[in-house]
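Chain residues, written in single-letter form:
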There are 2 protein chains.
Amino acid sequence: MKAIDKVFKALADPSRRELIDRLHAKNGQTLGELCKGLDMARQSVTQHLELLEDANLISVRRVGREKLHTFNPVPIHEIYERWIRKFERGRLDALSNFKAKLERK
Amino acid sequence: MKAIDKVFKALADPSRRELIDRLHAKNGQTLGELCKGLDMARQSVTQHLELLEDANLISVRRVGREKLHTFNPVPIHEIYERWIRKFERGRLDALSNFKAKLERK
DNA sequence: GATATATGCAGTCAAACACCTGCATGTCAA
DNA sequence: TTGACATGCAGGTGTTTGACTGCATATATC
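Since we're looking at a predicted model, the values are computed, not measured.

**Q** I'd like to hear about the protein's contact with DNA strand C, residue by residue, with values.
**A** Around DNA strand C, 20 residues are found, and the nearest of them are Gly32(A), Gln43(A), Ala41(B), Ser44(B) and His48(B). Each atom of DNA strand C within 4 Å of the protein was classed as base or backbone; sugar and phosphate made up 62%. Within the backbone of Lys67(A), one N or O atom sits 3.1 Å away from a phosphate oxygen of DNA strand C. Among the elements of the structure, α3 (31-35), α4 (42-54) and β3 (66-71) of chain A together with α4 (42-54) of chain B are those that each provide at least two residues to the surface near DNA strand C. Taken together, the residues that form the surface near DNA strand C break down as three nonpolar, eight polar and nine charged.

Here you go:
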């Protein structure tokens, strides 16, 4: 499976997007920390995190008996650059008009 | 299911993203047209299109015996605004610095 | 060492997904 | 009106997903 496909798949689930949001708000959280308030079993959270890791959206390091998670924004940038940006053509044009106007001053 | 969830789900499949790409390249294509080159049965394509329509990513109108499809960029804009943009903070800051510099001139 | 805590591993299960086939209906055109 | 064409509808199937439970292992703390 292509890397970009994994990212889109990973983002398809609301629980996983919430996990990303939480890590973006506070990086380095443990598995246990991430479980709190996510009304589902620890194992389910683990599975979601594995999927996110496989899509390179988070990275993991062990410290003692704890597992610390870090959000990686690169794949989301790539999705934006390679796929979403082309649908934002209008806005990009607006920006380049803005620049052009300034250069004419 | 929340509207934004439907959009993410709809984007999770590569075939559906290809359909969007194709409609973005050329709007108003019929079902038959969209089937060509998409190595799968017509019914499968229909299902994908239904899902895209449900996510409001395309709209459909009938003309005679044909079904014409039109791409709607709004949900993708919304995903960008409501979810992706916050991870692009660095770039946004760069833009506002750019503006600030200009205003100081 | 004993106990509590954090996470890992294996297996189960229902529902959703992504595909298919066969037949039906509706529309255009000769 | 009849034949060709575009799409719709119903139902079937194998795989993946998203959740669970129970038990195992590793690490910190007393």
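**Q** Go over the relation of the copies chain B and chain A, please, and point to the residues and values.
**A** Mapping chain B onto chain A calls for a rotation angle of 180° and an axial translation of 0.0 Å; the resulting RMSD is 0.0 Å. Seen this way, the second copy is the image of the first under a two-fold rotation axis. Relative to the rotation axis, the closest C-alpha in chain B is found at Ala12(B), a distance of 2.9 Å. An overlap of 100% is found between the interface residues of chain B and their copies at the interface of chain A, pointing to a shared contact surface.

**Q** Tell me about the environment of Lys67(A), and name the residues and values.
**A** Residues and elements named next belong to chain A. In this structure, lysine 67 sits in strand β3. Judged by its relative accessible area of 22%, lysine 67 falls in the partly exposed class. Along the primary structure lysine 67 and glutamine 29 are separated by 38 residues, whereas in three dimensions their C-alpha atoms are 8.0 Å apart. In this structure, lysine 67 is in contact with Gln29, Thr30, Leu31, Val60 and Arg61, ignoring residues within four places of it in sequence.

Cut-offs applied
- Starting from 1, residues in each chain are numbered consecutively following that chain's sequence as written.
- Labels follow written order: the first chain is A, the first ligand is 1, and so on.
- Residue-level local features of this predicted model are given only where pLDDT is at least 70; pairs of side-chain atoms are given and counted only at 80 or more, and the full residue set underlies all totals for whole chains, interfaces and linings.
- Based on all heavy atoms of the structure, the side-chain values leave hydrogens and waters out of the count.
- Throughout, near means a residue has at least one heavy atom within 4 Å of the molecule or strand.
- Whenever a nitrogen or oxygen atom comes within 3.5 Å of another N or O atom, the pair is scored as a polar contact, on the condition that within protein one atom can donate a hydrogen and the other can accept it, and that pairs from neighbouring residues in sequence are kept only if both atoms are in side chains.
- Strands are runs of DSSP state E lasting at least 2 residues, helices are runs of H or I lasting at least 4, and numbering of each runs from the N terminus.
- Three classes are used: nonpolar for Ala, Val, Leu, Ile, Met, Phe, Trp, Tyr, Cys and Pro, charged for Asp, Glu, Lys and Arg, and polar for all others, with Gly counted as polar.
- Alignment of copies: least-squares fit on C-alpha atoms of residues with pLDDT of at least 70 in both copies.
- What makes two residues a contact is simply this: any of their non-hydrogen atoms within 4.5 Å.
- Only protein chains enter the accessibility calculation, which uses a 1.4 Å probe. A residue is then buried if its area is under 20% of the maximum for its type, exposed if over 50%, and partly exposed in between.

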